[in-house]
Amino acid sequence: MPDVFDPYAHDRPMILPSILSADFTKLGSEIDDVLDSGGDALHIDIMDGHFVRTVSFGPVVVKAARQAAPEAYLDCHLMVTRPEEVAPQLIAAGADGITFHAELADNVRRTLADLNSSVESDGVDIGVAINPMTPAEAVFPILDEVRLVLVMSVVPGASGQSFMPSVLDKCEAIKRRLRPDQRLEIDGGISVDTIGRARSAGVDWFVAASAIFGESNRADAIAALRAGLS
């Protein structure tokens, strides 16, 4: 298999199209389109219907995405109650990054330990996510042990929601504590109108769903998002 693009090797801002808004009747061509149009990596939302009400997709779709894009980095966001059980299946299917939620347990360090003990594959990047109402302090105990922090700027579970600017203070607080080899990601309501504010708050990776897949010309949509970063 070709080498997978490593987004951690680059310190420039990254745009990650979220396939949650893709047309699943032609997923392969949708993935090709957004990557050929300038998307840096693919964001894949895994929802189990328990942690959030929505049920999305799992290892079968991750495997399909890997087959469609052998060189793409697959950033998997686990909105599931037992990430340590789901993660090995996703990694076997081709996931490169696994992000779990700090809200899953009272002891976020124990949750991370359970996840790490279940992941046998080397080279998988582990991240932690927080919901809009969760304080930044929830991730502080494990910042040294993850590569990525994902701040949700909408209530997780559905695409197309409005950006919540109240999360930007959290982004700034977390960014101040990250090492140069760690990344800060944001997901929810990212558009040409909001991406600049998120960048100013220190965000490195920008997940966009409807702002990319909802446009007929994905190259123009991604170019417009990049223009908003400057």
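Above: the structure in question.
Only a predicted model underlies this, so the values are computations on that prediction, with no experimental measurement involved.

A word on the sheet that holds strand β2 (residues 42–47). Strand order across the open sheet formed by 8 strands is β1-β8-β7-β6-β5-β4-β3-β2, with parallel pairing between neighbours. Two strands lie at the open edges of the sheet, namely β1 (14–17) and β2, each paired on one side alone. Averaged over all neighbouring strand pairs, the angle between strand axes comes to 25°, with direction disregarded. As paired elements, strand β7 (residues 183–187) and strand β8 (residues 205–208) share 3 bridges and run parallel to each other. Following the sheet pairing, D187 is matched in β8 by V207.

A few words now on helix α3 (residues 83–93). The α-helix winds at 3.6 residues per turn, so residues separated by three or four positions along the chain end up facing the same way. Considered for burial, the residues of α3 that qualify are P83, E84, A87, L90, I91 and A93. Buried positions in α3, seen along its axis, are confined to an arc of 165° and lie on one side of it. The first or second residue beyond α3 is G94, which carries a positive phi of 125°.

Turning next to the nonpolar core. Ranked by internal contacts, the top residues of the largest apolar core, which has 64 residues, are I19, I98 and I186. Excluding anything up to four places from it in sequence, I186 contacts L150, V151, S153, F163, V167, L168, C171, A198, V203, W205, F206 and V207. Formed by 8 residues, the second largest nonpolar core is a distinct cluster that contains M14, L16, A41 and W205.

Taken together, the buried positions of helix α2 (residues 59–68) are V61, V62, A65 and R66. Along the axis of α2, the buried residues cluster in a sector spanning 140°; they form a single face. Exposed positions of α2 whose direction lies more than 90 degrees from the buried face are V60 and Q67. Lining the buried residues of α2 we find α1 (27–36), β2, β3 (74–79) and α3.

So, about the packing of α2 against α3. Their axes nearest at 8 Å, the elements α2 and α3 cross at an angle of 25°. Here α2 lies roughly parallel to α3, going by the angle between them. Crossing geometry of α2 relative to α3 is assigned as right-handed. Where α2 abuts α3, its residues P59, V62, K63 and R66 lie against Q89, L90 and A93. Looking at the contact of α2 with α3 residue by residue, the class counts come to 4 nonpolar, 1 polar and 2 charged.

Right, let's talk about the packing of aromatic side chains for a bit. How two aromatic rings sit relative to each other is given by the distance of their centres and the angle of their planes. Under the defined criterion, the tally for this structure stands at 4 aromatic pairs. Seen from their ring centres, Y8 and Y73 are 6.3 Å apart, and the 70° between their planes marks the pair as edge-to-face. Highlighted residues: Y8 in the segment before β1 and Y73 in the loop between α2 and β3, separated in sequence by 65 residues. Considered together, Y8 and Y73 belong to a single accessibility category, that of buried residues. Aromatic pair Y73 and W205: ring centres 6.1 Å apart, planes at 75°, arrangement edge-to-face. With Y73 in the loop between α2 and β3 and W205 in strand β8, the pair connects residues that are 132 residues apart, well separated along the chain. No difference in accessibility class separates Y73 from W205, as the two residues are buried. Taken together, the aromatic side chains of Y8, Y73 and W205 make up a single cluster linked through ring pairs. Positioned over the ring face of Y8 is R147, at 3.9 Å from the centre of the ring.

What counts, and at which threshold
Residues numbered from 1 in each chain as written. Predicted model: local features only at pLDDT ≥ 70, side-chain atom pairs only at ≥ 80, totals over all residues. Heavy atoms only, no water. Pairing = 2+ DSSP bridges. Helix = DSSP H or I, 4+ residues; strand = E, 2+ residues; numbered from the N terminus. Axes fitted to C-alpha atoms, helices over the stretch in contact; angles between N-to-C directions. Buried < 20%, exposed > 50% of the residue type's maximum accessible area, 1.4 Å probe, protein only. Arc of directions from axis to C-beta. Core = buried A, V, L, I, M, F, W, Y, C linked by side-chain atoms within 4.5 Å. Contact = heavy atoms within 4.5 Å. Parallel < 35°, antiparallel > 145°, perpendicular 65-115°, else oblique. Left-handed = near helix turned anticlockwise from the far one by under 90°. Nonpolar A, V, L, I, M, F, W, Y, C, P; charged D, E, K, R; others polar. Phe/Tyr/Trp six-rings, centres within 6.5 Å; stacked < 30°, edge-to-face > 60°. Lys NZ or Arg CZ within 6 Å of the ring centre and 35° of its normal.

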